[in-house]
Amino acid sequence: MDNNYLTILNDEKNRQNKSIVLIASENYASKSVREAQGSIFTNKYAEGYPGARYYGGCEYVDQIENLAISRAKELFGAEHVNVQPHSGAQANMAVYSALFNSPDLIMSLPLDHGGHLTHGSKVNFSGKFYNFKHYEVDRESEQIDYDKLHELAKIFSPKAILSGFTAYPREIDFERMKYICEDVGSLMIVDMAHISGLVAAKLHNDCVKYADVVTSTTHKTLRGPRGGLILSKKEYAKKIDKSVFPGMQGGPMMHTIAAKAVAFQEALSEDFVEYQKLVLKNAKSLASKLAKSGLRIVTGDTDTHMLLVDVSNFNLTGKLAEERLNESGIIVNRNTIPYDVNPPRICSGIRIGTAAISSRGMDEDAISVISECIIQILRNSSDKNIIKEKILSLASKYPILD
Ligand SMILES: *Cc1c(COP(=O)(O)O)cnc(C)c1O
């Protein structure tokens, strides 16, 4: 056996077990999902699509891909599904390439207001190859101002309006988005990477019935393997499939597609809905506890698995807050807040998500301990070692890896 590998694996296992992960984009895939992703399907080349491959020996990978597709259709009520994108970014890349020519104008929320890198950031392919114009969140409410968005859309007449975000804690009004898109003749594209688990559980209003195309990751709230997904109306099916393969990718990762099939089945269960309810309850509870202790919650609340916390009234930057929390075993990431006065590397906020801790079964009691620890760490008001012990003992009460 490869001892170097085993040592590092074991260290990572310990790290995952001993820390409290509040990174909003992370989760713990089930053992069944991980076993599928580690399965012999990794050995198979299968360029093409079920029934139309460029390799022999594809009879079983055809079955597994069809299973993943039919389960995703059932889960999200989608007309067409492509399960081959290797990641969320690649799903977006394939959709843009399928639907846009480079001068086409696309409207999106910028990175520093909660959008994703692939929504037109200058350092990303999206901002380099495509023509993005941004709408923003309102300075006061820190939420999307749909009236303003509508006005801008009338001015720009974009080819598409993109919604679905990376650091936006409130529910998105997809019906309103559809209304705006129809009024100005734009395509409606939704990137539900963060909220796809909530959408699957019907605990966030649905985007699939409204949008022309929906992209997602499968590893965030959806709790599947690391990967991407595209759902669309039938009329875009051919274009999107051609864009993923042969346009953007070579052979699909059949082991990951197998794991997606397993994850979609899990997401169809009643247990999964209960899990998502816990995710939401924990996020609300954490937001209210942190607010009571004097931290400012961006937008004032959360409707999702995620909260954005402005740490500036504790005289901290996002960077410092992230470092202090991580040192004690609470893992978060710094995040810009809307109209942030600090530069992006420093920023004024932290982003907190409850998807991972809820997968460990943590509930109200754990949330109380976590919020107390966060406050004490950020205030620097208690002995560091005592807090570390507290976090370690909480983590050990909720083991995750079997
Ligand atoms: C996470 C995320 C992505 C990118 O997913 P990767 O799998 O990391 O490429 C794309 N869009 C949004 C909104 C995301 O939150």
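Close to the ligand lie 13 residues, the nearest being Gly 88, Ala 89, Asp 191, His 194 and Lys 220. Here an oxygen atom of the ligand and a backbone polar atom of Gly 88 are 2.9 Å apart. Within the side chain of Lys 220, a nitrogen or oxygen atom sits 2.8 Å from an oxygen atom of the ligand. Compared with its free state, where it exposes 380 Å², the ligand has 85% of that area covered by protein. Tallied by class, the residues present in the shell around the ligand amount to three nonpolar, eight polar and two charged.

A separate point is the packing of aromatic side chains. Applying the stated rule across the entire model yields ten aromatic pairs. Between the aromatic rings of Tyr 54 and Phe 245, the centroid separation amounts to 5.8 Å while the plane-to-plane angle is 55°, which identifies the pairing as tilted. Pair noted here: Tyr 54 is in the loop between β3 (52-53) and α3 (59-76) and Phe 245 is in helix α9 (residues 237-248), with a separation of 191 residues, a long-range link. According to the relative accessible area criterion, Phe 245 is buried, its value standing at 10%. Consider the rings of Tyr 96 and Tyr 130, whose centres lie 5.7 Å apart with planes at 75°: the pair is edge-to-face. Taken together, the residues Tyr 96 in helix α4 (residues 88-99) and Tyr 130 in the loop between α5 (125-129) and β6 (131-134) connect sequence positions 34 residues apart. An identical accessibility class is assigned to Tyr 96 and Tyr 130; each is buried.

Okay, the packing of helix α6 (residues 146-156) against helix α7 (residues 174-184) next. The geometry of a pair of packed helices is captured by two quantities: the angle between their axes and the separation between those axes. The geometry of α6 relative to α7 is characterised by a closest axis approach of 10 Å and an angle of 20° between their N-to-C directions. Of the possible angle classes, the one that applies to α6 and α7 is roughly parallel. Our pair here, α6 against α7, has a crossing hand that is right-handed. In this structure, α6 contributes Tyr 146, Asp 147, Leu 149, His 150, Ala 153 and Lys 154 to the contact, and α7 contributes Arg 176, Met 177, Tyr 179, Ile 180, Asp 183 and Val 184.

The subject of this paragraph is the environment of Arg 170. Looking at the element boundaries, Arg 170 is found in the loop between β7 (160-163) and α7. According to the relative accessible area criterion, Arg 170 is buried, its value standing at 13%. Along the chain, Arg 170 and Asp 212 lie 42 residues apart, while their C-alpha atoms are 22 Å from each other. Not counting chain neighbours up to four residues away, the residues in contact with Arg 170 comprise Gln 143, Thr 299, Asp 301, Thr 302, Asp 303 and Thr 304. One polar contact links the side chain of Arg 170 to the main-chain carbonyl oxygen of Thr 299, over a distance of 2.9 Å.

Turning next to the pattern of salt bridges. Tallying each qualifying case throughout the model produces 15 salt bridges. The partner of Asp 303 in a salt bridge is Arg 170, and the shortest N-O contact between them spans 3.0 Å. Of the two residues, Asp 303 is situated in the loop between β11 (296-297) and β12 (306-310) and Arg 170 in the loop between β7 and α7; the sequence distance between them amounts to 133 residues. According to the relative accessible area criterion, Asp 303 is partly exposed, its value standing at 28%. Between Lys 277 and Glu 274 there is a salt bridge; the shortest N-O distance is 3.5 Å. One end of the pair, Lys 277, and the other, Glu 274, are both in helix α11 (residues 270-292), three residues apart, so they sit about a helical turn from each other. Taken together, the shared-partner salt bridges in this structure form one network comprising Arg 53, Asp 62 and Glu 65.

The rules behind the values
Residues numbered from 1 in each chain as written. Predicted model: local features only at pLDDT ≥ 70, side-chain atom pairs only at ≥ 80, totals over all residues. Heavy atoms only, no water. Near = heavy atom within 4 Å. Polar contact = N/O pair within 3.5 Å; in protein donor to acceptor, adjacent residues only side chain to side chain. Areas by Shrake-Rupley, 256 points an atom, 1.4 Å probe, with all protein chains shown as cover. Nonpolar A, V, L, I, M, F, W, Y, C, P; charged D, E, K, R; others polar. Phe/Tyr/Trp six-rings, centres within 6.5 Å; stacked < 30°, edge-to-face > 60°. Helix = DSSP H or I, 4+ residues; strand = E, 2+ residues; numbered from the N terminus. Buried < 20%, exposed > 50% of the residue type's maximum accessible area, 1.4 Å probe, protein only. Axes fitted to C-alpha atoms, helices over the stretch in contact; angles between N-to-C directions. Parallel < 35°, antiparallel > 145°, perpendicular 65-115°, else oblique. Left-handed = near helix turned anticlockwise from the far one by under 90°. Contact = heavy atoms within 4.5 Å. Salt bridge = Lys/Arg side-chain N within 4 Å of Asp/Glu carboxyl O.

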